[in-house]
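For reference, the chains in residue letters:
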Amino acid sequence: MDYIKRNYPAEFRADEKSGIIEGVPIVFDTPTDIGGWFEETIVKGAISKDIIKDVRFFWNHNIDEKAIARTVIPLDKLGGMELTIENDCVRMLANPNRKRTDANDLYLAIEDGVINVMSFMFGVAEERWEDEDTDYPKRFITKIDPLIEVSAVNFPAYATTTINARGDMASE
């Protein structure tokens with residue numbers, strides 16, 4: 001199976017007190033242009049809780065490097081991450097270990113607003129196409145499996161993602 005990466009503009013927040021990074025790596029029912037070749041939409045319901053297993057958080061899909069966080073680690077632990085399916089998106093909370101240079105550099109780039117978009121890597125289990133006989137067909141992804149990773153990225157495919165950094169979990 002070939003895995004696909006999709007990037008979205010995002011709003012990230014960095015909160016000096018906690019180091020928590022929050023974002024929206026996946027949006028539903030929002031068409032985007034894929035290289036001028038076709039329009040793509042991730043359909044609401046395309047992601048289910050059962051595929052959010054061991055998903056990792058990276059910077060620019062650099063899966064050859066250490067993950068910044070993982071969903072198998074609880075959010076209250078350093079390196080922990082949660083992904084929550086909401087009505088119009090998938091929301092991410094990550095608790096990176098800012099003693100790590102890579103995690104701190106990413107956090108600071110988000111805090112500065114230099115990194116403000118997210119993306120994800122996934123496999124397509126089910127899809128449907130419309131307008132295939134035109135120069136600009138429409139692809140609807142109806143089931144994602146597997147969900148490999150989410151990333152803070154420099155360049156998005158989808159314009160409606162967000163990411164930010166916020167305060168200390170202990171003080172909330």
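Residues numbered from 1 in each chain as written. Predicted model: local features only at pLDDT ≥ 70, side-chain atom pairs only at ≥ 80, totals over all residues. Heavy atoms only, no water.

**Student:** Which residues make up the pattern of salt bridges, and what values do they have?
**Tutor:** Going through the model one piece at a time under the given rule, you end up with 8 salt bridges. One salt bridge in this structure joins Glu 40 and Arg 139, with 3.1 Å as the shortest N-O distance. With Glu 40 in strand β5 (residues 38-42) and Arg 139 in strand β11 (residues 138-153), this pair connects stretches of sequence that are 99 residues apart. Each member of the pair, Glu 40 together with Arg 139, is buried. The salt bridge involving Asp 102 is made with Arg 100; its shortest N-O contact spans 2.7 Å. (Salt bridge = Lys/Arg side-chain N within 4 Å of Asp/Glu carboxyl O. Helix = DSSP H or I, 4+ residues; strand = E, 2+ residues; numbered from the N terminus. Buried < 20%, exposed > 50% of the residue type's maximum accessible area, 1.4 Å probe, protein only.)

**Student:** Residue-level account of the nonpolar core, with values.
**Tutor:** In this structure, Ile 42, Phe 57 and Met 92 are the most contacted members of the largest nonpolar core, which totals 39 residues. For this core, the secondary-structure elements that each account for two or more residues are β3 (20-27), β8 (80-85), β9 (89-95), α1 (101-112), β10 (117-130), β11 and β12 (162-166). Dropping the residues within four chain positions of it, Met 92 is found in contact with Ile 21, Glu 22, Gly 23, Pro 25, Phe 57, Met 81, Glu 82, Leu 83, Met 118, Val 150 and Ile 163. (Core = buried A, V, L, I, M, F, W, Y, C linked by side-chain atoms within 4.5 Å. Contact = heavy atoms within 4.5 Å.)

**Student:** Give me the lowdown on the pairing of strand β6 (residues 56-59), citing residues and values where you can.
**Tutor:** Looking at chain direction, β6 and strand β7 (residues 69-70) are connected through 2 bridges and run antiparallel. Pairing of Phe 57 across the sheet is with Ala 69, part of β7. Pairing analysis gives 4 bridges linking β6 to β11, with the strands arranged parallel. Within the sheet, the bridge partner assigned to Trp 59 lies in β11 and is Ala 152. (Pairing = 2+ DSSP bridges.)

**Student:** Give me the lowdown on the environment of Gly 79, citing residues and values where you can.
**Tutor:** Position of Gly 79 relative to the elements: it lies in the loop between β7 and β8. Under the relative-accessibility criterion, Gly 79 is labelled buried at 13%. Sequence-wise, Gly 79 and Ile 68 are 11 residues apart; in three dimensions their C-alpha atoms are separated by 6.4 Å. What Gly 79 contacts, discounting residues up to four positions off in sequence, is Ile 68, Ala 69, Arg 70, Ile 73, Asn 95, Pro 96 and Asn 97.

**Student:** Got a sec to walk through the packing of aromatic side chains? Specific residues and values, please.
**Tutor:** The relation between two aromatic rings is expressed through the spacing of the ring centres and the mutual angle of the planes. Applying the stated criterion across every chain, the model contains 2 aromatic pairs. Seen in terms of ring centroids, Phe 120 and Phe 122 are 4.6 Å apart; in terms of plane orientation they differ by 25 degrees. Their pairing is stacked. No difference in accessibility class separates Phe 120 from Phe 122, as the two residues are buried. One cation-aromatic arrangement involves Arg 98 over Tyr 107; the distance from NZ or CZ to the ring centre is 3.7 Å. (Phe/Tyr/Trp six-rings, centres within 6.5 Å; stacked < 30°, edge-to-face > 60°. Lys NZ or Arg CZ within 6 Å of the ring centre and 35° of its normal.)

**Student:** Explain the side chain of Glu 149 to me, using residue names and the numbers behind them.
**Tutor:** Looking at the element boundaries, Glu 149 is found in strand β11. Polar contacts involving the side chain of Glu 149 include one to the side chain of His 61, which spans 2.2 Å. If near-sequence neighbours (up to four positions away) are discounted, Glu 149 is found in contact with Val 55, Arg 56, Phe 58, His 61, Ile 63, Phe 120 and Met 121. (Polar contact = N/O pair within 3.5 Å; in protein donor to acceptor, adjacent residues only side chain to side chain.)

Bear in mind that shape data such as this cannot, by itself, settle questions of function.
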